[in-house]
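A closer look at the structure
One letter stands for each residue in the lines below.
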Amino acid sequence: MSSEKLSPYAHLYLGLTRQELARRMALGQINPQLLNAQLDQNAQEVKLEAMCEKWIQMQSLEQVDKYTASE
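In this report, the structure presented in the accompanying data block is examined. (Residues numbered from 1 in each chain as written. Predicted model: local features only at pLDDT ≥ 70, side-chain atom pairs only at ≥ 80, totals over all residues. Heavy atoms only, no water.)

What to know about helix α3 (residues 32-59)
- Its 28 residues place the ends of α3 40 Å apart at the C-alpha level, agreeing with the 40 Å of an ideal helix rising 1.5 Å per residue.
- Along its buried surface, α3 packs onto α1 (10-14) and α2 (18-26).
- The residue sitting at the N-terminus of α3 and contributing the capping side-chain oxygen is asparagine 31; that oxygen lies 2.9 Å from the backbone nitrogen of glutamine 33.
- Where α3 terminates, the next one or two residues include serine 60, which has phi positive at roughly 55°. (Helix = DSSP H or I, 4+ residues; strand = E, 2+ residues; numbered from the N terminus. Expected span 1.5 Å × (residues − 1). Contact = heavy atoms within 4.5 Å. Polar contact = N/O pair within 3.5 Å; in protein donor to acceptor, adjacent residues only side chain to side chain.)

This is the structure:
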């Protein structure tokens with residue numbers, strides 16, 4: 001098993017128990033580097049979504065496309 005530090009919530013992202021995650025990592029079925037990259041990407045998407053929602057509320061808008069550059 002790698003010494004890679006995983007988030008304490010990594011098992012939830014995969015829908016596994018902590019014990020099952022540890023077992024699969026010990027067997028080499030889960031790459032901790034890839035899992036960390038997926039967790040980071042998911043966290044960035046959640047933050048972006050939250051920022052967009054906050055901005056929409058502040059602007060009193062109903063919808064905005066977060067992937068288009070504006071102004």
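Regarding the environment of leucine 6
- By the secondary structure assignment, leucine 6 is in the segment before α1.
- Overall, the relative accessible area of 16% leaves leucine 6 in the buried class.
- Spatially, the C-alpha atoms of leucine 6 and leucine 35 are 8.1 Å apart, while their sequence positions differ by 29 residues.
- For leucine 6, the residues in contact, after removing those within four places along its chain, are Leu21, Met25, Pro32, Leu35 and Asn36. (Buried < 20%, exposed > 50% of the residue type's maximum accessible area, 1.4 Å probe, protein only.)

Looking at α2
- Looking at α2, one finds that the buried residues are Glu20, Leu21 and Met25. On an axial view of α2, the arc spanned by its buried residues comes to 135°, and they lie on one face. The exposed residues of α2 that point more than 90 degrees off its buried face are Gln19 and Ala26.
- Against the buried residues of α2 lie α1 and α3.
- Positive backbone phi, at 80°, marks glycine 28, one or two positions downstream of α2. (Arc of directions from axis to C-beta.)

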